[in-house]
Amino acid sequence: MTSYQSTIAEGEGIAEELAEAQRSISIAEFFEKNRQMLGFDSGARALVTAVKEAVDNALDATEEAGILPDVYVEIQENDDYYRLIIEDNGPGITKEQIPKIFGKLLYGSRFHAREQNRGQQGIGISAAVLYSQLTSGKPAKITSRPKGSADAKYFELTIDTDSNEPEIEAEDTTSWDRPHGTRIELEMEANMRARNQLHDYVKHTAVVNPHARLELREPQEHFKFERATDQLPAETEEIRPHPHGVELGTLQKMLSATDSYSVSGFLQGEFTRVGGKTADKVIDNFRDRHFGREMTWSPPKDHEDADVAAAVTEAVANKGKEATAEFAESVEAALEERERVAHHVLIDVVDSFADNAEDDHDVTFGDTVREKAVAAAWDAVTDERTADIYALVENATTDRKDDAHVQGLAERLAAKFEDEENPRDRLTRDRIEEFVARSADATEEYDEATFGDTARENVVEALWGRMLTVPDDPPKVAAIDEDRDTASELHEAMRETDIIAPPTDCLSPISDDLVLEGLKKEFDADFYAASTRDASVHGGDPFIVEAGIAYGGDLDEGSSAQVMRFANRVPLVYQRGACSITDVVKTINWRNYKLDQPGGSGIPNGPAVLMVHVASTNVPFTSESKDAVANVPEIEDEVERAIREAARDLKSYLKKRRSMEKRRRKQDKLATILPAMAEKLEEVTEEGELNIDDSLARIMNNVLVDRRYEGDTVQLVVENNDGTNASLEITDIVSEDPGEVEGANVVEMDGEYFVKWAPEVTAGDEASIEYSVNGDASFDLQVEGVEDEKLTING
C-alpha cells in the first residue's frame, strides 16, 4: 500500500496543501483532548478533582475577603450522572466576572502575583466545567450573591472550546438564602470508586485549614468538620521577583519593559531585596564579566628593578625641569607606598599629581602627556612579573612542588601576560583559566612536572583574587537589552551575588500551633509534634516547609504510617509515589526515631501520621494536575529537616514511654515480691504488719505522696526520692471544711473542699502541709507534674 508520505514529492503544490491544513487551537480545545493532564483521566478521579478545584476556590475567596470559610459539598446520584454541588460563604462574584471565571480557561488574577495562593493558573474550576459539559452535555449552573447585594445572579453556561470563551445559555436574577457566597452545580460522568481519596481530601483539608468549617454529603455518608480556630491565615503581600529566580529570557523581557536607564536603577526598581549596596555588588560582578579584572603588580622598591621616576621623566618633555622632576618623583613615591598597583590605579595616581603640578608650576599636563607618563610608569611596574606570579603559585600549590617547577610555571604565566595584546593586563576569568591551563600543560611537557586539576584551580583563584574590579561605568540598560551576551553577563552576576532571601510576608504558613490543632481535631492520638522551618528559596521563589506527626491512640497499629502531603494548604491525594515529599520520607532512617522500618528504608510502620506542608509563591508541581511536588533539592532538604525536627520530639516521647513501660514492669514485679517478703519478716520479727508502700517508693526512686493522721490533724508529705527536682500540683478533695491551710489554697465547690498545693521539692528532700478536719472526712488525692510510673501515693 502506498503511503501518503511517499506521494508528497509526486505532486505540485503540496506545500500549499499542507499549509491550508494548519490552524491554531485554543487552550480549551487543547485540554478538551488532553483532560488527563488536569486530573480528569477517569470518572473516579474526575469527581475528586472537581471537588478539589471548587473547594480550593472557595477557601481562597473567603480568606481573601477576611471571612471564616463555611464550605458545603454535596454529591448526588442523578440517573447516569453525578451531580456535584459546592456552596461557600465567600464575598460572591460580580455579574460581569461569573462567565469569565467559570467559562474561560487561563482566566484569573493570581498568575503573575508572587504570593502564596492555592490556585494560580485560572484553569481548575473552568476545567471542571469543561469536563462536565463534555461528559454530560449539560451546562454548569452558577449562583452568586456579592456581599451587600439584594439579589443573587444565576447563570447557566458552557465553554466554546474553539474560542475558549463562555457561552451563556441562561441568565437570571434570583433569591438565595445565603447573604453572600457562590454556588456551582455540575453534572458529569463519574463514579464513587475513589471514595477513600475523596474522604481523604476533605479530611486533610480540614487538618491544614483549621479555621474552615467543611461539610461533605454524599450518597452513602455525611461528614462535618468543625473549625478549630477563628484565626484566619495571615494576609500575604505580593513581592517583586528575586534576582536569583529570574531566567535569562525573563531578564531580557524585564530589560525591555523597564523605565530605568541605569543598571543600578533597574536592579533596585524591578527586584526585591536589592538596595544600593546590593546593586553595587551585582554591578561589580557584572563589571568582572563584561570588562574583566585588572592584574595588580608589586611596584619597584628603591630602584632595585626599575626606576619609575626616571621612566616618567623621560616620557614627559617640555614641561620644565622642576615641574617634571616633582611630578615624576611624586608618582614614584605614591607607587612605592602601595603593596599592589593596577593600571586604573596608576591612571588615578598620574592624574592626581599632574593636576598638582599644573597648579603649582602653571604648566599644562595634557592628555597625551599623561598617557605617556602612565605608559612609562606601567612599563617600569611590569618590568618583572615573574616574581609576583612565583609567590602566588608557591602559596597556591603544595609544599611538595619543586622550586624549579614552580618557577617554570610562573615564567610561562608571566610570558602570557607579556604576549597578550592588552597593555592594561585586563582579563576575564575565562582567559585566566586558559592562561593557567596552557602554562601548566607546557610545564608538564617540558619540565615533567605535574599540576593537577586542584592545583590549577588554586592558581586560577590566586590570580583572580589578586586582580581588581575595574571602575568603568557599566553599559546602560538599553545597550544591555540589545546584546544577548551582555544580558547573559548581567544574569550571571545577579546569580553569583549573595543576596538576602526574599521576604516571607508573601507566604502564609499554618504555624506550629495550628498544625497541632489540626492534627488533634482529626486524629485521636497520644502524641503530637510540629515543626515550621525558616523560609528558604528555590529559583528565586521563597518557600516554607512545615511538618507534623501524630502517634498512637486510635491510629492503626498494624499498618504503614499515613503520609499526608500538602502544597499551599491543598491536600495532594494522588501520585504519592511520584512526589518528592514521599521520596524524602522513604529515605529517612526511621529506626533512629524508634519507628519500625523493615529493610531500613521506605514508609515506616506503626500508628503514626506524618504530615508535610510546602508553602510557596510557586510550588514546583510535576504536572498541570498539581498532584505531586517535583524533586527540587532545596525543597527536599527543607522537607527532611522539618520532618527530622518533629521526629526528634517523637523519639524522645517513645524513648520515655518505653522507659516508663520498663519501669512499670519492674515496679509490678516488686509489688508482687515485697508483700511476700513483708509477710516473712512479720513472722520472724513478730512486730505486726509492715507498710511496704514507702519501701517500694524508695527502691524505685519514686516521688512519694503520703497522708498521715494524728487525731483530727491531717498531714500531706511529699518525699522526693528521684534524682531531679519535682514541681507538683496536688489537689486533695476533702468532704469536710479544712479551714485555712498554710501554703495552700482552699476552694469550696458543691459541698466539697479542694485543697490546692503546688510544692517545689528538690531531689532527696521533702515538703509538707497540715490541716484539721472534724468528724469522719473522706479524701480524694490527685497529683500532677510527675509520670504515674514515678509516683507512689499512700493516701
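As the structure is a prediction and not an experimental result, all values here were calculated from the model.

J.: Break down the packing of helix α8 (residues 263-270) against helix α9 (residues 276-290) for me, with residues and values.
T.: Where α8 contacts α9, the axes come no closer than 9 Å and their chain directions differ by 130°. Our classification of the angle between α8 and α9 gives oblique. For the pair α8 and α9, the sense of crossing is right-handed. In contact with Val-263, Ser-264, Leu-267 and Gln-268 of α8, α9 contributes Gly-276, Ala-279, Val-282, Ile-283 and Phe-286.

J.: Could you give me a rundown of the pattern of salt bridges, with the residues and numbers involved?
T.: Inspection of the entire model under this criterion finds 45 salt bridges. In this structure, Arg-178 and Glu-87 form a salt bridge, with 3.1 Å as the shortest nitrogen-oxygen distance. A residue pair is termed long-range when its members are at least 10 positions apart, and Arg-178 in the loop between β5 (165-174) and β6 (181-188) and Glu-87 in strand β2 (residues 81-88) qualify at 91 residues. Here the salt bridges do not stand alone but share partners, grouping Arg-83, Glu-87, Lys-138, Arg-178, Arg-183, Glu-185 and Glu-187 into one network.

J.: Tell me about the sheet that holds strand β25 (residues 766-772), and please be specific about residues and values.
T.: Spatially, 4 strands are ordered β25-β19-β18-β27 in an open sheet, and the strand pairing comes out mixed. The open sheet terminates on both sides in strands that have one partner only, identified here as β25 and β27 (791-794). Neighbouring strand axes in the sheet, compared pairwise and without regard to direction, differ in orientation by 15° on average.

J.: An account of the pairing of β2 is needed here, citing residue identities and associated values.
T.: Counting buried positions along β2 yields 7 of 8 residues, so the element is predominantly enclosed. Alignment of strand β1 (residues 70-78) against β2, held across 8 bridges, turns out to be antiparallel. When the sheet's bridge partners are listed, Asn-78 is paired in β2 with Tyr-81. Where β1 folds back onto β2 in an antiparallel hairpin, the turn is made up of 2 residues, including Asp-79, whose phi is positive at roughly 60°. Sheet topology note: the β2/β6 ladder contains 7 bridges and is antiparallel. Bridging from a neighbouring strand, Ile-86 pairs with Ile-184 of β6.

J.: Can you break down helix α3 (residues 43-64) residue by residue, with the values?
T.: Along its 22 residues, α3 runs 32 Å from first to last C-alpha, staying within 8% of the 32 Å computed at 1.5 Å per residue. With respect to burial, α3 is a largely interior element, 19 of its 22 residues being buried. Looking at the residues trailing α3, positive phi occurs at Gly-66, about 70°.

J.: Summarise the nonpolar core; cite the residues concerned and give the values.
T.: Counting residues in each nonpolar core, the largest one holds 50 residues, and the members touching the most others are Phe-327, Leu-413 and Ile-432. Of all the secondary structure elements, the ones that give two or more residues to this core are α10 (308-315), α11 (321-336), α12 (343-361), α13 (367-381), α14 (386-396), α15 (403-419), α16 (429-447) and α17 (453-466). Looking at this core, the element that brings in the most residues is α13, giving 7 residues. Grouped together as the second largest cluster of nonpolar side chains are 48 residues, Leu-59, Ala-127, Phe-225 and Val-573 included.

J.: Can you break down the environment of Ile-125 residue by residue, with the values?
T.: Its location among the elements puts Ile-125 in helix α5 (residues 124-136). Taking the C-alpha atoms as reference points, Ile-125 and Val-316, separated by 191 residues in sequence, lie 80 Å from one another. Setting aside residues no more than four positions away along its own chain, Ile-125 makes contact with Glu-53, Ala-54, Asn-57, Ile-101, Phe-102 and Ile-184.

J.: Any chance you could break down the pairing of strand β14 (residues 541-551) for me, citing the residues and the numbers?
T.: Within β14, 11 of the 11 residues are buried, leaving the element largely enclosed by the surrounding structure. Judged by which residues are buried, β14 turns out to be covered on both faces: Asp-541, Phe-543, Val-545, Ala-547, Ile-549 and Tyr-551 on one side and Pro-542, Ile-544, Glu-546, Gly-548 and Ala-550 on the other are all buried. Summarising the sheet, strand β12 (residues 527-532) and β14 pair through 6 bridges and their orientation is antiparallel. Within the sheet, the bridge partner assigned to Ala-530 lies in β14 and is Gly-548. Here strand β13 (residues 536-538) runs beside β14; their pairing, made up of 3 bridges, is antiparallel. When the sheet's bridge partners are listed, Ser-536 is paired in β14 with Phe-543. In this structure, the hairpin formed by β13 and β14 is closed by a connection of 2 residues, where Gly-539 is found at a positive phi of approximately 55°. Here β14 runs beside strand β17 (residues 608-616); their pairing, made up of 9 bridges, is antiparallel.

J.: Describe in detail α16, supporting the description with residues and values.
T.: Taking 1.5 Å per residue, 19 residues should reach 27 Å; α16 reaches 26 Å between its end C-alpha atoms and fits that length. Along α16, the residues that are buried comprise Ile-432, Phe-435, Val-436, Ser-439, Ala-440, Ala-442 and Thr-443. The arc enclosing the buried residues of α16, seen along the axis, measures out at 165°, which places them on a common side. For α16, exposure combined with an orientation more than 90 degrees from the buried face picks out Asp-430 and Glu-445. Elements in contact with the buried residues of α16: α15, β10 (426-427) and α17. After α16 finishes, the residue Glu-448 shows a positive phi value of roughly 55°.

J.: I'd like a description of the sheet that holds β5, backed by residues and values.
T.: Read from one edge of the open sheet, 8 strands run β5-β4-β3-β6-β2-β1-β7-β8, paired in mixed fashion. The open sheet terminates on both sides in strands that have one partner only, identified here as β5 and β8 (222-225). Ignoring which end each strand starts from, the neighbouring axes of this sheet average 15° apart. Sheet strands touched by helix α6 (residues 195-208): β1, β7 (213-217) and β8. Its angle to β7, the strand with the most contacts, is close to 165°.

J.: Tell me what's going on with a positive patch on the surface, and back it up with residues and numbers.
T.: A cluster of basic residues, Lys-594, Lys-651, Lys-655 and Arg-658, forms a positive patch on the protein surface. Tracing the backbone through its elements, the reader meets Lys-594 in the loop between α21 (580-587) and β17.

J.: Could you give me a rundown of the packing of aromatic side chains, with the residues and numbers involved?
T.: The description of an aromatic ring pair rests on the distance of the ring centres and on the angle between the ring planes. Per the counting criterion, the structure on display carries 8 aromatic pairs. Aromatic side chains Phe-266 and Phe-271 sit 5.6 Å apart centroid to centroid with 90° between the ring planes, which places their arrangement in the edge-to-face category. Just as Phe-266 is buried, Phe-271 falls in that class too. Positioned above the aromatic ring of Tyr-574, the side-chain terminus of Arg-45 is 4.6 Å from the ring centre. Taking the ring centre of Phe-451 as reference, the NZ or CZ of Lys-401 above it sits at 4.6 Å.

J.: Break down the packing of α16 against α17 for me, with residues and values.
T.: Closest axis-to-axis distance for the α16/α17 pair is 10 Å, and the angle between their directions is 135°. Comparing the axis directions of α16 and α17 gives the class oblique. In terms of crossing hand, the pair formed by α16 and α17 is right-handed. Counted together, Arg-429, Ile-432, Glu-433, Val-436, Ala-437, Ala-440, Asp-441 and Glu-444 of α16 and Arg-456, Glu-457, Val-459, Val-460, Glu-461, Leu-463 and Trp-464 of α17 form the full contact between these two elements. For the contact of α16 with α17, the residue count by class is 8 nonpolar, no polar and 7 charged.

J.: Could you give an account of a negative patch on the surface, naming the residues involved and the relevant values?
T.: Negative charge collects at one region of the surface, where Glu-736, Asp-737, Glu-748, Asp-750, Glu-752, Asp-776 and Asp-780 lie side by side. Among the secondary structure elements, Asp-776 is positioned in the loop between β25 and β26 (779-784). On the basis of relative accessibility, which here comes to 79%, the residue Asp-776 falls in the exposed class.

J.: Just give me the short version of the environment of Thr-174, but keep the residues and values in it.
T.: Topologically, Thr-174 is positioned in strand β5. The spatial distance from the C-alpha of Thr-174 to the C-alpha of Val-609 is 46 Å, given a sequence separation of 435 residues. With sequence-adjacent residues up to four places away left out, Thr-174 is seen in contact with Thr-143, Asp-151, Ala-152 and Tyr-154.

Here is what the cut-offs are and how they apply
Residues numbered from 1 in each chain as written. Predicted model: local features only at pLDDT ≥ 70, side-chain atom pairs only at ≥ 80, totals over all residues. Heavy atoms only, no water. Axes fitted to C-alpha atoms, helices over the stretch in contact; angles between N-to-C directions. Helix = DSSP H or I, 4+ residues; strand = E, 2+ residues; numbered from the N terminus. Parallel < 35°, antiparallel > 145°, perpendicular 65-115°, else oblique. Left-handed = near helix turned anticlockwise from the far one by under 90°. Contact = heavy atoms within 4.5 Å. Salt bridge = Lys/Arg side-chain N within 4 Å of Asp/Glu carboxyl O. Pairing = 2+ DSSP bridges. Buried < 20%, exposed > 50% of the residue type's maximum accessible area, 1.4 Å probe, protein only. Expected span 1.5 Å × (residues − 1). Core = buried A, V, L, I, M, F, W, Y, C linked by side-chain atoms within 4.5 Å. Arc of directions from axis to C-beta. Patch = residues over 30% accessible without salt bridge, like charges linked within 9 Å, V, L, I, M, F, W, Y side chains within 5 Å. Areas by Shrake-Rupley, 256 points an atom, 1.4 Å probe, with all protein chains shown as cover. Lys, Arg positive; Asp, Glu negative; His and termini not counted. Charge placed at Lys NZ, Arg CZ, Asp CG, Glu CD. Phe/Tyr/Trp six-rings, centres within 6.5 Å; stacked < 30°, edge-to-face > 60°. Lys NZ or Arg CZ within 6 Å of the ring centre and 35° of its normal. Nonpolar A, V, L, I, M, F, W, Y, C, P; charged D, E, K, R; others polar.

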